[in-house]
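Survey of secondary and tertiary structure
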Amino acid sequence: MSVPETGPHAPPRPDAALSTRGLSKRFGERVAVAGLDLDVPRGCLFGLVGPNGAGKTTTLRMVAGLLRPDAGVALVNGVDVWRDPTRAKAAIGVVPEEMRLFERLTGAELLAYHGLLRGMDRHVVAARARELLEVLGLTEAADTLVVDYSHGMRKKLTLAAALLHNPRVLLLDEPFEAVDPVSVRTIRAVLDLHVATGGTVVFSSHVMDMVERLCDRVGILHHGRLVAEGPLEAVCQGRSLEETFVELVGARVIPSGALEWLGSSSG
Amino acid sequence: MVGVFFRLKLALIRNGLRGSPLRVAGFAVVASWAGVVALLSFSLLAHPPADPSNRADLPVAAFALVFLGWVVLPVIGYGLDETLDPSRLALLPLRRRQLMTGLFVASSVGVGPVATLLGLSGAVPGYGREPGGWAVVAAAVAVEFVLCVTGARAVTTALSRALRSRRGRDAWLVALPLFLLVTSLLALAARPLGPRAPNQAASQLVGVLRWLPPGFAGHAVHLAEQGRLGAALLDLIVPAATALGLVLGWMRNLERLAHSSEPVARRRGSTLQARPDTVLGLFPAGWPFPRDRRGAVAAKDLRYLWRDPMLRAQRGMTLIFAVGAVASVALVPRLQGPEAVLNAAAFAWLFSLNAVNQFAADRAAYWMQVAAPGDPRDDLVGKNLAGALLYGALFLLVAPAIAALSGGWAYLPLAACLVVGLFGISFGVGNVASVRLPIPMPDSSTNLWAARGDQGCGTGLVMQLVFALNVALAAPVGALVFAGVRFWRPLLWAAGGFALAYGLLVYRTGLRLAAGWLRGHQPELLENLSPRQAA
């Protein structure tokens, strides 16, 4: 098994697309992320896994500039997200876990809105949006209000918005949740293309099979700390990712005698 | 069951206030304010006027006014306290009667209900004579209370359902202009009433209100004072039956809203192949603003005005009040000089105070703005452009109508200068309040106006603060206009020029302060607009 390759507050790797040093966040008494040191090399598909509440979403939100960390730094292509947000955000595309979108715009309007927010040329926005809608199978729904989209369609629309400005780093929080198998294949193809052209993808997921099939590197978060990180083979050492994950974070065993009422005739 | 819901609602209100000094302050201020209003109402009803006619009219007018407040205030932006979200109760195996009782008990706990009950109960010592009379007046107060609590919910759920259906949207399109036309004609017809018109109109109005359900309850109070207890009890049948009908309507709409989704709305024709200039349909033809970040924000906000059911209802209310403004010029002789046109500027300014909470409809979707690089000042400017277009259109609707009624066409350019200056003040102050004290719009599946208990309090507190600041800043303009109208006409034109320059100064200052803060605090604004805050 591999341990984190960077020591506490070691300098970021020069080839890293994304680096964090001592990244921390606390919500009241609860520590969500505890001094995270992470390096994601350029041109890789990186899977961030961990049990519920491990700090995956909080980490991605802090790196995307959506949530202010209590301490530490987050660098994207060497640019500090919190000191120079304009430069850093230009290189980031993000799909957050909570799919809150401007629901009273149509899918096409939402993409146009997103592109113009980023200062893109409107002709480029129109051309790319059309292409993305086509590739992701949303052309038919382009003129439908987002409020009428299914969860999977929203995921794909948010991914289209994240790709619109051709970012070098994609941060995707649970991108495959509630997406049908055909769309999963399409999204995979888009992500592979992005990585093949030198882009970097960091995504969180609960689906171990998906991470195992897609990623060349993984990081396992537990209680806001990185308990393992590195190339998939090095982390798993011949076992499945799920076995490695359960071993590292510990499986909760139901004590004998508990929940005996479950399935009995009593209400 | 009653006790369970009572304690549950109390616990939810208490937990909602935890850890947020702003919420606690809002709750405390609005609770104190509601307490003062309740005591004043109690005192008014407990010591009714000696004049027999006014004495009889008072409970009718008071009961009708309180009911109107309960129905209108949620829709114009204060929301409705639904801390205990009814859609969650739908999951429990409760019989309909248990659900109705539980929801009614939950709805009766809060600042508004307690203040209402306290204010109305002044009628018991004021109009009650001997134990029988006291009992009947207390019953009338109780019926009125039930009417208010259930009426507000029945109306907002019915409106939620109507505004979400396509037929409802169309009905809203037809009903509003029709309402505006009828009220305008009525206002014009009432013109020849002369100087005593307001009193006569008020008396006639009470005469009409008496035959509406809250009026029946108010009239029962009057009958009880006269010792006609049987007739008073008969009068209570109408509001009691109405309350029952409202409860049933409320329940039916809740069930339907919980188990149905909004119909899919498709726009006619595809915009995908349209010219690139329209940027996929975001900008309509003839778009007057820049086609950049500022323009995109303005275009999105303007689309929301019509497409978001809650904002659509608010704009409908705005139009109704606009007609009221025109009608007031027609009805009130003191407002009938040619200078009455200047009231249109004041009126449009009052509505532009809505700029206090410009990010409310963005809610947690504001993350898209935060994720994008670029100057958040552009977002504020875009929102101001959309607001200026909306409230400017309102001014353009009201000012010529008043000019036609009052013959004050010559005052239109001055009114236009004043309104631009006043917009500068309201948007300048509104920008700062919008980023520092944001309150996300409610977002419930069953009732568009269902909010957390203290949300209405927070809105009330922020509105009061911003209103006071706006009034203080607009006072120099108001003083110049007043002096011009009363003492020396040339001052009026100086007021126009002053308003323009002063408004621009206040606007630029407000925008600089708000944008400066926002540049470093977009994530904090996002956090305040996110569901965790709103839940």
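Residues numbered from 1 in each chain as written. Chains lettered and ligands numbered in written order. Predicted model: local features only at pLDDT ≥ 70, side-chain atom pairs only at ≥ 80, totals over all residues.

Before going further, it helps to spend a moment on the overall build of chain B. Each helix and strand counted, chain B has 21 helices and two strands in total. In chain B, which comprises 535 residues, the share counted as buried stands at 47%. Sequence separation of at least 24 residues holds for 82% of the intrachain contacts in chain B that already meet a minimum separation of 6. (Helix = DSSP H or I, 4+ residues; strand = E, 2+ residues; numbered from the N terminus. Buried ≥ 20, exposed ≤ 12 C-beta atoms within 10 Å, placed from the backbone. Contact = placed C-beta atoms within 7 Å.)

A word on the overall build of chain A. Looking only at helices and strands, chain A features nine helices and 10 strands. By the compact-globule yardstick of 18 Å for 267 residues, chain A fits well, its C-alpha radius of gyration being 20 Å. Taking the principal axes of its C-alpha atoms as reference, chain A extends roughly 60 × 60 × 40 Å. Counting only residues that meet the buried cut, chain A has 49% of its 267 residues in that class. Of the contacts made within chain A by residues no fewer than 6 positions apart, 70% connect residues no fewer than 24 positions apart. (Rg over C-alpha atoms; globule rule 2.2 N^0.38 Å.)

So, on to the pairing of strand β4 (residues 71-76) of chain A. Residues and elements named next belong to chain A. Pairing between strand β1 (residues 16-27) and β4: five bridges, direction antiparallel. Each residue of the ladder has a partner; that of serine 19, found in β4, is leucine 75. Looking at chain direction, β4 and strand β5 (residues 79-80) are connected through two bridges and run antiparallel. Within the sheet, the bridge partner assigned to valine 76 lies in β5 and is valine 79. (Pairing = 2+ DSSP bridges.)

Another aspect to go through is the confidence of the model for chain B. Confidence in the prediction of chain B, expressed as mean pLDDT, is 82, and 81% of residues score 70 or more. Averaged over each element, pLDDT in chain B is lowest for helix α21 (residues 531-534) of chain B (48) and highest for helix α18 (residues 412-436) of chain B (96). (pLDDT = per-residue confidence, 0-100.)

Residue and element names in this part refer to chain B. Following both chains from N to C, one finds α18 and helix α20 (residues 490-529) inclined at 20 degrees, their axes separated by 7 Å at the closest point. Here α20 runs roughly parallel to α18, going by the angle between their axes. Between α18 and α20 the crossing geometry is left-handed. (Axes fitted to C-alpha atoms, helices over the stretch in contact; angles between N-to-C directions. Parallel < 35°, antiparallel > 145°, perpendicular 65-115°, else oblique. Left-handed = near helix turned anticlockwise from the far one by under 90°.)

The phi dihedral of glutamine 237 of chain A falls on the positive side, at around 50 degrees, and the residue is not glycine. Given 9 C-beta atoms within a 10 Å radius, glutamine 237 of chain A is considered exposed. In this structure, glutamate 130 of chain B is a non-glycine residue whose phi angle is positive, near 50 degrees. Position of glutamate 130 of chain B relative to the elements: it lies in helix α8 (residues 130-164).

To continue, consider the interface of chain A and chain B. Across the contact, 41 residues belong to chain A and 35 residues belong to chain B. Of all the elements in the fold, those that place two or more residues in the side of chain A that touches chain B are α2 (85-90), α3 (107-117) and α4 (122-135) of chain A. Ranked by residue count, the leading element in the side of chain A that touches chain B is α3 of chain A, at eight residues.

Take the sheet that holds strand β8 (residues 200-204) of chain A next. All names here are of chain A. Taken in spatial order, the six strands of this open sheet run β6-β7-β8-β3-β9-β10, and their pairing is mixed. Of all the strands in the sheet, the pair left with one neighbour each is β6 (92-95) and β10 (225-231). For this sheet, the mean inter-axis angle between neighbouring strands, taken without regard to orientation, is 15 degrees. Here strand β9 (residues 217-222) runs beside β10; their pairing, made up of six bridges, is antiparallel.

We now examine the packing of α3 of chain A against helix α13 (residues 293-307) of chain B. At a minimum axis distance of 8 Å, the contact between α3 of chain A and α13 of chain B shows a crossing angle of 150 degrees. Taken as a pair, α3 of chain A and α13 of chain B cross one another with a handedness that is left-handed. For the pair α3 of chain A and α13 of chain B, the contacting residues are Tyr113, Leu116 and Leu117 of chain A in the first and Arg293, Ala296 and Lys300 of chain B in the second.

We now examine the sheet that holds β1 of chain A. Residue and element names in this part refer to chain A. Strand order in the open sheet made by the four strands is β2-β1-β4-β5, with antiparallel pairing throughout. Strand pairing shows two members of the sheet lacking a second neighbour, β2 (30-41) and β5, which therefore form its edges. Packed onto the sheet, helix α1 (residues 56-63) meets β1, β2 and β4 and runs at close to 120 degrees relative to β1.

Here we take up the pairing of strand β7 (residues 169-173) of chain A. Residue and element names in this part refer to chain A. Of all five residues in β7, five are buried; the element is thus mostly enclosed. The alternating pattern of β7 places Val169, Leu171 and Asp173 on one face and Leu170 and Leu172 on the opposite face, and all of these are buried. Across four bridges, β6 lies against β7 in parallel orientation. Within β7, the position partnered with valine 94 by the bridge is leucine 171.

A few words on helix α6 (residues 181-196) of chain A. Helical periodicity: at 3.6 residues per turn, an α-helix aligns residues three or four positions apart in one direction. Residues and elements named next belong to chain A. With 16 residues, α6 extends 22 Å between its outermost C-alpha atoms, agreeing within 8% with the 22 Å of an ideal straight helix rising 1.5 Å per residue. Within the span of α6, buried status applies to Ile187, Leu191 and His194. In a view along the axis of α6, the buried residues occupy a sector of 55 degrees, so they form one face of it. Turned more than 90 degrees from where α6 packs its buried face, Pro181, Val182, Arg185, Ala189, Leu193 and Ala196 sit exposed. Close packing links the buried residues of α6 with β3 (45-49), α5 (151-163), β7 and β8. Following α6 by one or two positions, glycine 198 adopts a phi angle in the positive range, close to 95 degrees. (Expected span 1.5 Å × (residues − 1). Arc of directions from axis to C-beta.)

This paragraph deals with the nonpolar core. Counting residues in hydrophobic clusters, the biggest one holds 219 residues, and the most contacted among them are Ala348, Val398 and Leu418 of chain B. Setting aside residues no more than four positions away along its own chain, leucine 418 of chain B makes contact with Leu342, Ala345, Val477, Val481, Ala495, Gly496 and Ala499 of chain B. (Core = buried A, V, L, I, M, F, W, Y, C linked by C-beta atoms within 7 Å.)

As a further point, take the environment of proline 213 of chain B. Residues and elements named next belong to chain B. Looking at the element boundaries, proline 213 is found in helix α11 (residues 213-225). Note: C-alpha distance between proline 213 and phenylalanine 67 (146 residues apart in sequence) is 9.6 Å. Here proline 213 is in contact with Leu147, Val238, Pro239 and Thr242, once residues within four sequence places are set aside.

Let us look at α3 of chain A. Counting buried positions along α3 of chain A gives 11 out of 11 residues, so the element sits mostly inside the fold. Among all positions of α3 of chain A, only Gly107, Ala108, Glu109, Leu110, Leu111, Ala112, Tyr113, His114, Gly115, Leu116 and Leu117 of chain A are buried. Next to the buried residues of α3 of chain A lie α4 and α5 of chain A together with α13 and α16 (367-371) of chain B. Positive backbone phi, at 75 degrees, marks glycine 119 of chain A, one or two positions downstream of α3 of chain A.

Our next topic: the environment of valine 218 of chain A. Residues and elements named next belong to chain A. In this structure, valine 218 sits in strand β9. Along the sequence, valine 218 and glycine 230 sit 12 residues apart, while their C-alpha atoms lie 5.8 Å from each other. Apart from residues no more than four positions distant in its own chain, valine 218 is found in contact with Gly47, Val49, Val211, Leu232, Val235 and Leu241.

For the rest of this paragraph, the subject is the environment of phenylalanine 482 of chain B. All names here are of chain B. Examined against the element boundaries, phenylalanine 482 turns out to sit in helix α19 (residues 455-486). Overall, phenylalanine 482 belongs to the partly exposed group, with 14 C-beta atoms counted inside 10 Å. In the structure, phenylalanine 482 is positioned 257 residues away from glutamate 225 in sequence and 46 Å away in space, judged by C-alpha atoms.

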